[in-house]
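Residues per chain, in single letters:
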Amino acid sequence: AAREAPLPRLPEAARALVGVWWHVSSSGYGPFLAECVGLSWAITKIGERIHPTPVFHVREGQLVCETVCLGAEPVLETFVAGRSIIDEPNLGVRYEVEAWWEAEGAVFAASRRNADVNGGRPIVKRVYIEQATGELHIDTSWGGTVDFKARFSRQQGQAAAGSS
């Protein structure tokens, strides 16, 4: 039987992402929902008021992000360098992903695409903690009018952790 190659090792710096993060601010979310995802005007207006909550944990040596959003199914994404697949249950699509770590593992970057989203063009996301503020930054570009930039603060009482 063929053995699967082991997943790449999780960079130690990436463990700082572990925890629950609460929305602080965002810009460009409406254009992202309308232009990139293709939601109608009415659904975009509702979506702009519902902010995703990223929850990071380490499972089997890999960083997993569960994005929770009121009224939607959670989206699970494993932050691993290389090629992978992400199922987006709310859109009913499967993204092909090419991802990599930057800044010695302090920044996760991923380019995802699906023929039915964003005209098949790549959607690029960068995830990192801004050292000056301690805020989680998730910056998403898709070739639209503006990038979608979201900022989050760590849930009170949580320190960065990273083992399981």
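Note that the structure is predicted; figures quoted are calculated from it, not measured. (Residues numbered from 1 in each chain as written. Predicted model: local features only at pLDDT ≥ 70, side-chain atom pairs only at ≥ 80, totals over all residues. Heavy atoms only, no water.)

Trainee: Would you mind showing me how to read the pattern of salt bridges here?
Mentor: Working definition: two side chains of opposite charge can pair if their charged atoms are close together. Summed over the entire model, instances satisfying the criterion amount to eight salt bridges. E48 is paired through a salt bridge with K45; the nearest N and O atoms lie 3.3 Å apart. On the accessibility criterion, E48 (26% relative accessible area) is partly exposed. With relative accessibility at 34%, the residue K45 sits in the partly exposed group. For R94, the salt bridge is made with D87, and the minimal N-O distance between the two is 2.7 Å. (Salt bridge = Lys/Arg side-chain N within 4 Å of Asp/Glu carboxyl O. Buried < 20%, exposed > 50% of the residue type's maximum accessible area, 1.4 Å probe, protein only.)

Trainee: Is there a simple way to explain the pairing of strand β10 (residues 148-154) in this structure?
Mentor: Two faces belong to every sheet, and in a regular strand the side chains alternate between them. Most of β10 is tucked away: five of the seven residues are buried. Bridge count between strand β1 (residues 19-27) and β10: six bridges; the pairing is antiparallel. Pairing of S26 across the sheet is with A150, part of β10. Sheet analysis places strand β9 (residues 136-141) next to β10, joined by five bridges and oriented antiparallel. Residue pairing across strands places H137 opposite R151, the latter belonging to β10. Hairpin connection between β9 and β10: a loop of six residues separates the two successive antiparallel strands, and G143 in this loop has a positive phi of roughly 85 degrees. (Helix = DSSP H or I, 4+ residues; strand = E, 2+ residues; numbered from the N terminus. Pairing = 2+ DSSP bridges.)

Trainee: Before we go on, may I ask you to explain the environment of R49 in this structure?
Mentor: Among the structural elements, R49 can be located in the loop between α2 (41-47) and β2 (53-59). In sequence terms R49 and I85 are 36 residues apart; their C-alpha atoms lie 28 Å from each other.

Trainee: Could you clarify how one ought to interpret the packing of aromatic side chains in this entry?
Mentor: Following the criterion strictly, the structure yields six aromatic pairs and no others. Seen in terms of ring centroids, F79 and F108 are 4.1 Å apart; in terms of plane orientation they differ by 20 degrees. Their pairing is stacked. Residue F79 is located in strand β4 (residues 75-79), and its partner F108 is located in strand β7 (residues 107-113); the two are separated by 29 residues in the primary sequence. F79 sits in the buried class, given a relative accessible area of 1%. Judged by relative accessible area, F108 falls into the buried class, the value being 1%. Taken together through their ring pairs, the aromatic side chains of Y29, F32, W142 and F148 make up a single cluster. One Lys or Arg, R112, reaches over the ring of Y95 and ends 5.2 Å from the middle of that ring. (Phe/Tyr/Trp six-rings, centres within 6.5 Å; stacked < 30°, edge-to-face > 60°. Lys NZ or Arg CZ within 6 Å of the ring centre and 35° of its normal.)

Remember that the coordinates give geometry; whether it matters functionally is a separate question.
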